[in-house]
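# Descriptive analysis of the structure
Each chain is listed here by its residues.
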Amino acid sequence: MTTPAAQPPRDRALGRGISTLIPQTAPATPAEQAAAVLAAMQSVPVRIGVLQAAVVLLEERVRATGDEAERAAAATTVALLRSAIGQADRPSP
C-alpha cells in the first residue's frame, strides 16, 4: 500500500490578509460604544423606562469613576438621554 506524499507546511497563516482587507479600528471605550449606540438609535423608538434606567446607571457611574474622561462622557450621555426623555414627554404638534 502506498501513502500520499506529505504536503510541505505553509509559511503563511490563514486569515492573515483579512486585517489588510478590512481595516480594524482601535478598541473603543465603553463610553465611546455607548455614544455610538445612542447615535445609531436616534430614530429607533425606545420605551422611556429604558432611558430612565440608563440615566440612573450612568449617574452612578459619574459619581463612582475616577477617570475624568469617562465621567465627562457619562455626564454628556446623561444629558442626551434626559433631552430625549424631555422630547418624548412633550405632545406632538
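Preceding block: the structure.
The structure reproduced in this document is the subject of the present report. All chains use their own residue numbering, which begins from 1 and follows the written sequence. Local features in a predicted model are, by the rule used here, given only for residues with pLDDT of at least 70; side-chain atom pairs are given and counted only at 80 or more, and totals for whole chains, interfaces and linings are based on all residues. Here the side-chain values reflect all heavy atoms present in the structure, with hydrogen atoms and water set aside.

### What about the side chain of T65?
To be explicit about the condition: Working definition: helices are DSSP H or I runs of at least four residues, strands are E runs of at least two. Numbering for both runs from the N terminus. Each polar contact in these results corresponds to two N or O atoms within 3.5 Å; when the atoms are within protein, one needs to be able to donate a hydrogen and the other to accept it, and residues that are neighboring in sequence are counted only if both atoms are side-chain atoms. Only heavy atoms matter for contacts: two residues are in contact if any of them lie within 4.5 Å across the pair.
Counting through the fold element by element, T65 comes out in the loop between α3 (48–64) and α4 (68–89). Within polar-contact distance, the side chain of T65 engages the backbone nitrogen of D67 at 3.1 Å. Of the polar contacts made by the side chain of T65, one reaches the side chain of E70; its length is 3.2 Å. What T65 contacts, discounting residues up to four positions off in sequence, is E70 and R71.

### Observations regarding the layout of surface pockets
Convention followed: With a 1 Å grid laid over protein atoms only, a set of points is called a cavity when a 1.4 Å probe fits there but cannot get out and a pocket when it is open yet has protein on both sides within 12 Å along at least five of seven lines; lining residues have an atom within 4 Å of a point. Grid points are joined across faces, edges and corners, and a volume is the space filled by probe spheres set on the points. We call Asp, Glu, Lys and Arg charged. Ala, Val, Leu, Ile, Met, Phe, Trp, Tyr, Cys and Pro are nonpolar, and the rest, Gly among them, are polar.
For the largest pocket, the calculated volume is near 580 Å³. As for the largest pocket, its lining consists of 21 residues, and the residues nearest its centre are L38, M41, L51, L81 and A84. Sorting the residues of the lining of the largest pocket by element identifies α2 (30–40), α3 and α4 as the ones contributing at least two each. Looking at which element gives the most residues to the lining of the largest pocket, the answer is α4, with seven residues. A per-class count over the lining of the largest pocket returns 17 nonpolar, four polar and no charged. One number sums up the size of the second largest pocket: a volume of about 190 Å³.

### Brief notes about the side chain of T77
Put simply, the test is: Throughout this description, buried means an accessible area under 20% of the type-specific maximum (1.4 Å probe, protein chains only), exposed means over 50%, and partly exposed covers the range between.
Among the structural elements, T77 can be located in helix α4. With relative accessibility at 7%, the residue T77 sits in the buried group. The contacts of T77, once residues within four sequence positions are left out, are L38 and L58.

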